[in-house]
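Chain and residue survey
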Amino acid sequence: MMSRACRRGDVRFIDGRSRPITIAQDAASSLKESPRILQGRAGSTVRARFAQFTIDSETRQLLGDGREIHLSPKAFDLLCALIEAGPKVVEKSALHARIWPNTYVVDANLNILVGEVRRAIGDSAQVPKFIRTVHGVGYAFCGTAIVPPARTAVQPLFCWVAWNGKTCQLSEGDNIIGRDPRSDIWLDAPGVSRRHAIIRVNGGNWRVMLEDLGSTNGTFVRRAPVDAEVELADGDLIQVGTVDLTVRLWAADKAPETKRIRRRMK
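Note that the structure is a prediction, hence the values are computed from the model and not measured. (Residues numbered from 1 in each chain as written. Predicted model: local features only at pLDDT ≥ 70, side-chain atom pairs only at ≥ 80, totals over all residues. Heavy atoms only, no water.)

The final tally for this structure, using the stated rule, is 12 salt bridges. Sharing partners across several salt bridges, the network here consists of Asp174, Arg200, Glu211 and Glu229. (Salt bridge = Lys/Arg side-chain N within 4 Å of Asp/Glu carboxyl O.)

Glancing now at the packing of aromatic side chains. According to the stated counting rule, one finds six aromatic pairs in the structure shown. On the numbers, 5.7 Å between centres and 45° between planes, the contact of Phe158 with Trp250 is tilted. Placement of the pair is Phe158 in strand S10 (residues 157–163) and Trp250 in strand S20 (residues 243–251), with a sequence separation of 92 residues. Judged by its relative accessible area of 34%, Phe158 falls in the partly exposed class. Each member of the aromatic cluster is reached from another via a ring pair, and the members are Phe50, Phe53, Phe130 and Phe141. (Phe/Tyr/Trp six-rings, centres within 6.5 Å; stacked < 30°, edge-to-face > 60°. Helix = DSSP H or I, 4+ residues; strand = E, 2+ residues; numbered from the N terminus. Buried < 20%, exposed > 50% of the residue type's maximum accessible area, 1.4 Å probe, protein only.)

Look at helix H3 (residues 73–85) against helix H4 (residues 92–99): their axes get within 10 Å of each other, and the N-to-C directions meet at 130°. As far as their axial angle goes, H4 and H3 are oblique. For the element pair H3 and H4, the recorded crossing hand is right-handed. Contacts from Lys74, Leu78, Ala81, Leu82 and Glu84 of H3 reach H4 at Leu95, Arg98 and Ile99. (Axes fitted to C-alpha atoms, helices over the stretch in contact; angles between N-to-C directions. Parallel < 35°, antiparallel > 145°, perpendicular 65-115°, else oblique. Left-handed = near helix turned anticlockwise from the far one by under 90°. Contact = heavy atoms within 4.5 Å.)

Below, the discussion takes up the confidence of the model for the chain. Residues of the chain with pLDDT of at least 70 account for 76%, and the chain-wide mean is 80. Across residues 1–43, where pLDDT falls below 50, the model places 55 contacts with residues more than four positions away in sequence or in other chains. (pLDDT = per-residue confidence, 0-100.)

Relative to strand S9 (residues 138–141), strand S8 (residues 131–134) runs antiparallel, the two sharing four bridges. In the strand pairing of S9, Ile131 is matched with Phe141. Where S8 folds back onto S9 in an antiparallel hairpin, the turn is made up of three residues, including Gly136, whose phi is positive at roughly 80°. (Pairing = 2+ DSSP bridges.)

Next up, the structure:
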């Protein structure tokens, strides 16, 4: 059987204690009925800079001058909600619905969170730099938030070398060429040193570099000796001992269009 306190409803405070009141159920119903309350958007991302601070909702980090600043999870959500809506005022009811969904809490809890955020970012209620109180309505982010440009997806770079009808795909990072069977590109041929050369793949900036590792017979690209690190291009010929390696580089956004073949009509 449900206790009398449960029938009347509970108000939950941040300190974890529950206190019975008689209007909880009616207040919760009014929150659900209000058309101005916006439920929190779980998929939304907040990433911005303001003053010396940087916030990222995906990593859930608030940084100040490069150092991480601790905020409780709900205080962090509150700051994200205000920055996302700024400079518009966010009503208290909307903040309640976003931070405590399907739970009724009194305004004291929200005031505590606002105070926590203000202390963390060096703000004050009397002279606000970031969070402005709109009495009887809610709160607004009044600072200047700079949103960085959206991250663009990096097209992957595919690299491989071909020789004598064989192919070997290159991995991101270091790829050793040599006569040692443990090499990434194993060449069991005359004139090839155990650790002959190295190809470094950096897909992030679309660069592939070649360096000789002090081999006995040297490494050549475009028929020139490799005395220092050299950048490779698609179609380059690498001479390692008696083996000629052809470099192939491919990325989706740089691939040439397929040429049409003209067929003779009979």
